[in-house]
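The chain contents come next:
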Amino acid sequence: MSNVIVRGKVISGNFSKVSGSSLREMKDSDGNFLGYIQKLENGLGYKVIRKDGKIRVKRLLEDAYRTIARAN
């Protein structure tokens, strides 16, 4: 599990319970679901799937966390 503080919110990501999955389920400190972050193949970055349905691709994991926090 990893935690990042963005705009005063603690955003945490847990890997999926499926072994070998590159999908993180993102939640805030209150346990509210925020979306998913998926690691792309060959180190091409991270795909962000927000709960509002928007999909973004970010190069850095920190940028992906900020995208999740910004929408919520």
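Quantities reported herein were computed from a predicted structural model and do not represent experimental measurements. (Residues numbered from 1 in each chain as written. Predicted model: local features only at pLDDT ≥ 70, side-chain atom pairs only at ≥ 80, totals over all residues. Heavy atoms only, no water.)

## Some thoughts on unusual backbone geometry
Positive phi is not limited to glycine here, since Asn42 has a value of about 60°. For Asn42, a relative accessible area of 73% corresponds to the exposed category. (Buried < 20%, exposed > 50% of the residue type's maximum accessible area, 1.4 Å probe, protein only.)

## Thoughts on the nonpolar core
The biggest cluster of nonpolar side chains holds 10 residues, and these are Ile11, Met26, Leu34, Ile37, Tyr46, Val48, Ala64, Tyr65, Ile68 and Ala69. For this core, the secondary structure elements donating two or more residues are strand 4 (33–39), strand 5 (46–50) and helix 1 (61–70). Broken down by element, this core gets its largest block of residues, four residues, from helix 1. (Core = buried A, V, L, I, M, F, W, Y, C linked by side-chain atoms within 4.5 Å. Helix = DSSP H or I, 4+ residues; strand = E, 2+ residues; numbered from the N terminus.)

## Here we look at the pattern of salt bridges
Under the counting rule described, the total for this entry stands at three salt bridges. A salt bridge links Asp52 to Arg50; the nearest nitrogen and oxygen atoms lie 3.1 Å apart. Classification of Asp52 by relative accessible area gives partly exposed; the value is 45%. Given the relative accessible area of 11%, Arg50 is considered buried. In this structure, Glu62 and Arg66 form a salt bridge, with 3.1 Å as the shortest nitrogen-oxygen distance. Taken together, the residues Glu62 and Arg66, both in helix 1 and four residues apart, mark about one turn of the helix. Given a relative accessible area of 46%, Glu62 falls into the partly exposed group. Taking relative accessible area as the criterion, Arg66 reaches 33% and is therefore assigned partly exposed. (Salt bridge = Lys/Arg side-chain N within 4 Å of Asp/Glu carboxyl O.)

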